[in-house]
Amino acid sequence: MNIILFGPPGAGKGTQAEKLVSERGMVQLSTGDMLRAAIAAGTELGMKAKEIIDRGDLVSDDIMVGMINDRMSQDDCKAGVILDGFPRTVAQAEALDAMFAEKNITLAHVIEIKVDEQALFARIENRASETGGERSDDNADVLAKRLKVYHENTAPVLPYYEAKGLLKTVDGMQSIEDVSGDIAKILTS
Ligand code: AP5
Ligand code: MG
């Protein structure tokens, strides 16, 4: 089964994806993690991406679509993937459709994790202190920019999937366990 976990920065996409990986053996494709791995490895792409991530902007659609296409071509993705942080623009969603059609695979659900904006600031602040500021974009200023970008570029992906009948929404203000429970219900529906 292929699913998308969708939501603003700090909504809990990564948290829920990791639970699905450990509990169901699904494969998580986090474009944010992939970019951070490229930064850590000091690749040319990583160096370009770092600047963009640090200001809270989006990396170009071409780069992101290429990254997901390469990863989706690997054998472990054949049983199904959780897309975490992709697609983030309507152009990425259209490219994903084309990619899935070409690989003859289907998208089962797009699960939106809905969280109040104030709570996002608290969560990111919390994560910054828990990880000792591991993520350079974990601060209020960059989060405000990421949220602006989310509203302008990423939220328009929701009606795109709603029109296809794929969109499901879960209340992300609940505990991590309760959010997981709601996602589990969608996956078995
Ligand atoms: P990315 O790494 O995807 O970051 P993001 O979308 O901003 O989201 P986060 O990872 O911050 O949040 P999350 O939803 O995973 O929440 P988490 O589970 O960690 O992208 C980073 C950057 O890379 C982008 O800004 C962009 O520049 C670039 N990029 C990536 N993909 C791209 C693409 N496709 N196109 C273009 N550019 C791209 O949870 C957050 C915190 O809250 C944690 O501490 C967690 O423990 C806590 N928490 C989780 N759930 C709950 C809960 N229910 N209750 C209380 N606390 C909770
Ligand atoms: Mg994440």
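Residues numbered from 1 in each chain as written. Chains lettered and ligands numbered in written order. Predicted model: local features only at pLDDT ≥ 70, side-chain atom pairs only at ≥ 80, totals over all residues. Heavy atoms only, no water.

Counting secondary structure elements, the chain contains 9 helices and 5 strands. Secondary structure elements in the chain, listed N-terminal to C-terminal, are β-α-β-α-α-α-β-α-β-α-α-α-β-α. Compactness check: the chain gives a C-alpha radius of gyration of 16 Å against a globular reference of 16 Å for 189 residues, within 12% of the reference. The dimensions of the chain, computed from C-alpha atoms along their principal axes, are 40 × 40 × 30 Å. (Helix = DSSP H or I, 4+ residues; strand = E, 2+ residues; numbered from the N terminus. Rg over C-alpha atoms; globule rule 2.2 N^0.38 Å.)

Looking now at the pairing of strand E4 (residues 109–114). Along E4, 5 of the 6 residues are buried, which leaves the element largely enclosed by surrounding structure. By the bridge criterion, 5 bridges tie E4 to strand E5 (residues 167–171) in an arrangement that is parallel. When the sheet's bridge partners are listed, Lys114 is paired in E5 with Asp171. (Buried < 20%, exposed > 50% of the residue type's maximum accessible area, 1.4 Å probe, protein only. Pairing = 2+ DSSP bridges.)

Turning our eyes to something else, we now look at the packing of helix H4 (residues 61–72) against helix H5 (residues 90–103). Running from N to C, H4 and H5 point in directions that differ by 25°, and their axes come no closer than 10 Å. Put simply, H4 runs roughly parallel to H5. Crossing of H4 against H5: the hand is right-handed. In contact with Asp61, Met64, Val65, Ile68, Asn69 and Met72 of H4, H5 contributes Ala91, Gln92, Ala95, Leu96, Met99, Phe100 and Lys103. A breakdown of the residues in the contact of H4 with H5 according to their chemical character gives 9 nonpolar, 2 polar and 2 charged. (Axes fitted to C-alpha atoms, helices over the stretch in contact; angles between N-to-C directions. Parallel < 35°, antiparallel > 145°, perpendicular 65-115°, else oblique. Left-handed = near helix turned anticlockwise from the far one by under 90°. Contact = heavy atoms within 4.5 Å. Nonpolar A, V, L, I, M, F, W, Y, C, P; charged D, E, K, R; others polar.)

Attention now moves to helix H3 (residues 44–55). When we look at burial in H3, the residues that qualify are Gly46, Ala49, Ile52 and Ile53. Along the long axis of H3, the arc covered by the buried residues comes to 130°, so they all point the same way. For H3, the exposed residues lying more than 90 degrees away from the buried face are Glu44, Met47 and Glu51. Note on H3: the residue one or two positions beyond its end, Gly56, has a positive phi of about 85°. (Arc of directions from axis to C-beta.)

Bringing the pattern of salt bridges into the picture now. Evaluated as defined, the whole model comprises 15 salt bridges. Lys19 serves as the salt-bridge partner of Glu23, at 3.5 Å between the closest nitrogen and oxygen. Here the residue Glu23 and the residue Lys19 both occupy positions in helix H1 (residues 13–24), the gap between them amounting to 4 residues, near one helical turn. Residue Glu23 is classed as exposed on the basis of its relative accessible area of 54%. Residue Lys19 is classed as buried on the basis of its relative accessible area, which comes to 17%. Residue Asp138 pairs with Arg146 through a salt bridge whose shortest N-O separation is 3.8 Å. When its relative accessible area of 7% is taken as the criterion, Asp138 is described as buried. (Salt bridge = Lys/Arg side-chain N within 4 Å of Asp/Glu carboxyl O.)

We now examine the packing of aromatic side chains. A full pass over the atoms with the stated rule returns 2 aromatic pairs. Centre to centre, the rings of Phe6 and Tyr150 are 6.2 Å apart; their planes meet at 55°, and the pair counts as tilted. Within this pair, whereas Phe6 is found in strand E1 (residues 3–6), its partner Tyr150 is found in helix H7 (residues 140–154), the two being separated by 144 residues in sequence. On the basis of relative accessibility, which here comes to 3%, the residue Phe6 falls in the buried class. Judged by its relative accessible area of 8%, Tyr150 falls in the buried class. When the centroid spacing of 5.1 Å and the interplanar angle of 85° are considered together, the rings of Tyr160 and Tyr161 count as edge-to-face. This pair shows no difference in class: Tyr160 is buried, exactly as Tyr161 is. (Phe/Tyr/Trp six-rings, centres within 6.5 Å; stacked < 30°, edge-to-face > 60°.)

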